[in-house]
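Below, each chain spelled out in residue letters.
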Amino acid sequence: MELNNVKDSAGVADNLPTTVDVLIAGAGPTGIALGIDLARRGVRALVVERQDRLSPGARGTGVQPRTQEVYEDLGALDALRAVGALYPPTALWENGRITQVREMIERVDPTPAVPHSNALMVPQFRNLEVLHARLTELGGSVLLGTELTDFAQDTDGVTVRLQRVGGAPHTVRAGYLVAADGGRSTVRRALGVGMSGPSLEPGAALIADVRIDDLDRDHWHRWVLPNGGFAALLPLAGTDLFQTLIAAPEGTTDTSPETIRTLLAARTHLAADQIREVVWSSLFRPRAGMADSYRTGRVFLAGDAAHIHSPAGGQGLNTSVQDAYNLGWKLGQVLRYGAPDSLLDSYGTERRPIAARILDTSTRLHRSGSLHRGRDLHQLDIGYPDSPLTRELRTDLAEGTPVAGDRAPDAPCRTADGSPTRLFDAFQGPHFTLLTLGDVELDESQLPADPALLRIVRVGGPTPDLLDADGHVQDAYGSGPAVLLVRPDGYLALGAPAEGATARVSAALADFVGTAALQPTG
């Protein structure tokens, strides 16, 4: 089995661009997700990766519900589900037998507002293949075996020096540079941006993807030793592999198959000859920290380049992909619609507090040693109520009604001809969605006419686009007439009463587009 199957950049290396809108350093989940978001916006982006293939190894396997919503919007969720599964229950072993079986990952039933309600287990190498396929489908590409060696920025852009393996240096001029090049980011260090965060207890773990004979794939197997050591084996969905995690003895640096096999045999009931093959391995030392700044001029930090976490709770990959999702639409608005530069400042303003919160959560779980993982890790409650982009103008709202800054919930409904649909179908795409609920005073001729920028969806009222036949929209958003502006990343930018809605929507849109793009239909 090839981990990963993506190993070359056929056709790309022979036709290297000299100018792009955005250059993305690093082809992990963060970099490729950003490439997808920019590609669907018509933004010219190039993703470069110093390795000669996409990263192998299962690594982070948990895709949380909020991130699944991101993948759905990006057009990659069906493919992700096809290679993923729910986590199995955990089996605790003692003296060669299972003594307890626990549901470590809490199962949650989906609702009309939350259609994706459980963490999905997907090996990271499969995750990358799915994202890469989607990027390619949209006409984007990843240039593998290409290292960013130097860059210099000025008021108009960034000049980036690239070095291909076995090739000559190449210079690319980019409007913006995004560093998605990992926890030891070359770009972050060159910028001189510091990292700060809690100190984690010293220690290390060996992680590996292995093939094992005669071990059931219905459980996440775990062994805890009297001396505090442990080993765990997770059957990886869609493969014949187990992800192995072993507490490493002090001073361990050897990650060879022989070492993995020996340690597994010593810490479990498995015989060494049952451990048939070690296909990938690495030594992991937990670290935690957050970049002091996410932006320096025309250079942005995203993913592990901006924040590193303990893997406890499965938050790192998800937070990283959502960084890309936040930054992508803002770059698109600036580059395509002339939005003010201050919109890009809001990336760090919004995402750094989220990283700080996730850092606290993952550090707490790391120190507690608890195996339980609940819905508090699903990241569905993340929002931006204090963002400068958030405007809530309604009063006397019922408790629980989403307000500006909150995630926009899903809701099953019907089109005007009675066909079933969902609000998420209306939201999907790079556009803003103006959602009007009930009888709203809105003069559409005074709003931008470009459907790639703004789409108006009327729920109820005299001329509805959607019908709330079963009351799910009302349950999700409240019963009163209102107008809601949904950002491209699925958060409410504006909540306003029905009266005078046109002027309030125009004022809110001014935060997101330039003067020319604001020109009304009429």
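Details of the structure are given in the entry above.
Some remarks on the sheet that holds strand E20 (residues 307-308)
Part 1: With antiparallel pairing, the 3 strands of this open sheet are ordered in space as E11-E17-E20. Each of the sheet's edge strands pairs with one partner strand only, and the pair in question is strand E11 (195-196) and E20.
Part 2: Note: E11 against strand E17 (residues 289-291), 2 bridges, orientation antiparallel. Bridging across to E17, methionine 195 finds its partner in alanine 291.

Comments concerning the sheet that holds strand E15 (residues 242-247)
Part 1: Here 7 strands make up an open sheet; going across it, the order is E5-E4-E13-E14-E15-E12-E16 and the pairing mixed. The sheet is open, and its two borders are formed by strand E5 (97-102) and strand E16 (275-284), each paired with just one other strand. Adjacent strand axes in the sheet meet at a mean angle of 20 degrees, parallel and antiparallel pairs treated alike.
Part 2: Where strand E4 (residues 90-94) lies against E5, 5 bridges are found, and the strand directions are antiparallel. Paired with alanine 91 across the two strands is valine 101, which belongs to E5.
Part 3: Lying over the sheet, helix H6 (residues 257-267) contacts strand E12 (205-212), strand E13 (220-224), strand E14 (230-235), E15 and E16, oriented at roughly 100 degrees with respect to E16.

Here's the deal with the environment of aspartate 181
Part 1: Relative to the assigned elements, aspartate 181 resides in the loop between strand E10 (169-179) and helix H5 (186-191).
Part 2: Since its relative accessible area comes to 24%, aspartate 181 is described here as partly exposed.
Part 3: Separated by 147 residues in sequence, aspartate 181 and glycine 328 have C-alpha atoms that sit 16 Å apart.
Part 4: Sequence-distant contacts of aspartate 181, defined by excluding residues within four places in its chain, comprise Ala25, Gly26, Thr186, Val187 and Ala305.
Part 5: Within polar-contact distance, the side chain of aspartate 181 engages the backbone nitrogen of threonine 186 at 3.0 Å.
Part 6: Here valine 187 takes part through its backbone nitrogen, which lies 3.2 Å from a polar atom of the side chain of aspartate 181.

Some words on helix H7 (residues 316-337)
Part 1: The end-to-end C-alpha distance of H7, which contains 22 residues, comes to 32 Å, matching closely the 32 Å that a straight helix rising 1.5 Å per residue would cover.
Part 2: Counting buried positions along H7 yields 20 of 22 residues, so the element is predominantly enclosed.
Part 3: Immediately downstream of H7, the backbone of glycine 338 shows phi near 65 degrees, a positive value.

Details of the packing of helix H1 (residues 29-39) against H7
Part 1: The N-to-C vectors of H1 and H7 enclose an angle of 30 degrees; their axes lie 8 Å apart at closest approach. With respect to each other, H1 and H7 are oriented roughly parallel. As for how H1 packs across H7, the hand of that crossing is right-handed. Facing Pro29, Thr30, Ala33, Leu34, Asp37 and Leu38 of H1, the residues of H7 in contact are Leu317, Ser320, Val321, Ala324, Tyr325, Leu327, Gly328, Trp329 and Leu331.
Part 2: Class assignment for the residues of the contact of H1 with H7 results in 11 nonpolar, 3 polar and 1 charged.

Section: the pairing of strand E2 (residues 45-48)
Part 1: Where strand E1 (residues 19-25) meets E2, 4 bridges bridge the pair, whose relative direction is parallel. In the sheet register, isoleucine 24 faces E2, and the bridge partner there is valine 47.
Part 2: Between the parallel pair E1 and E2, the chain is carried across by H1, and the sense of this crossover is right-handed.
Part 3: Where E2 and strand E7 (residues 142-143) come together, 2 bridges link them in parallel fashion. Paired with valine 48 across the bridge in E7 is leucine 143.

Let's talk about helix H4 (residues 124-137)
Note on helix geometry: an α-helix contains 3.6 residues per turn, so any two residues three or four positions apart are oriented the same way.
Part 1: The first and last C-alpha atoms of H4 sit 20 Å apart over 14 residues, in line with the 20 Å expected at 1.5 Å per residue.
Part 2: Among the 14 residues in H4, 11 count as buried, and that is most of the element.
Part 3: Within H4, the full set of buried residues consists of Gln124, Phe125, Arg126, Asn127, Leu128, Glu129, Val130, Leu131, His132, Arg134 and Leu135.
Part 4: After H4 finishes, the residue glycine 139 shows a positive phi value of roughly 95 degrees.

Reading the values: rules and limits
- Residues numbered from 1 in each chain as written.
- Predicted model: local features only at pLDDT ≥ 70, side-chain atom pairs only at ≥ 80, totals over all residues.
- Heavy atoms only, no water.
- Pairing = 2+ DSSP bridges.
- Helix = DSSP H or I, 4+ residues; strand = E, 2+ residues; numbered from the N terminus.
- Axes fitted to C-alpha atoms, helices over the stretch in contact; angles between N-to-C directions.
- Contact = heavy atoms within 4.5 Å.
- Buried < 20%, exposed > 50% of the residue type's maximum accessible area, 1.4 Å probe, protein only.
- Polar contact = N/O pair within 3.5 Å; in protein donor to acceptor, adjacent residues only side chain to side chain.
- Expected span 1.5 Å × (residues − 1).
- Parallel < 35°, antiparallel > 145°, perpendicular 65-115°, else oblique.
- Left-handed = near helix turned anticlockwise from the far one by under 90°.
- Nonpolar A, V, L, I, M, F, W, Y, C, P; charged D, E, K, R; others polar.
- Right-handed = clockwise from strand over helix to strand, strands pointing away.

Everything listed here is a matter of geometry and, on its own, says nothing about what the molecule does.
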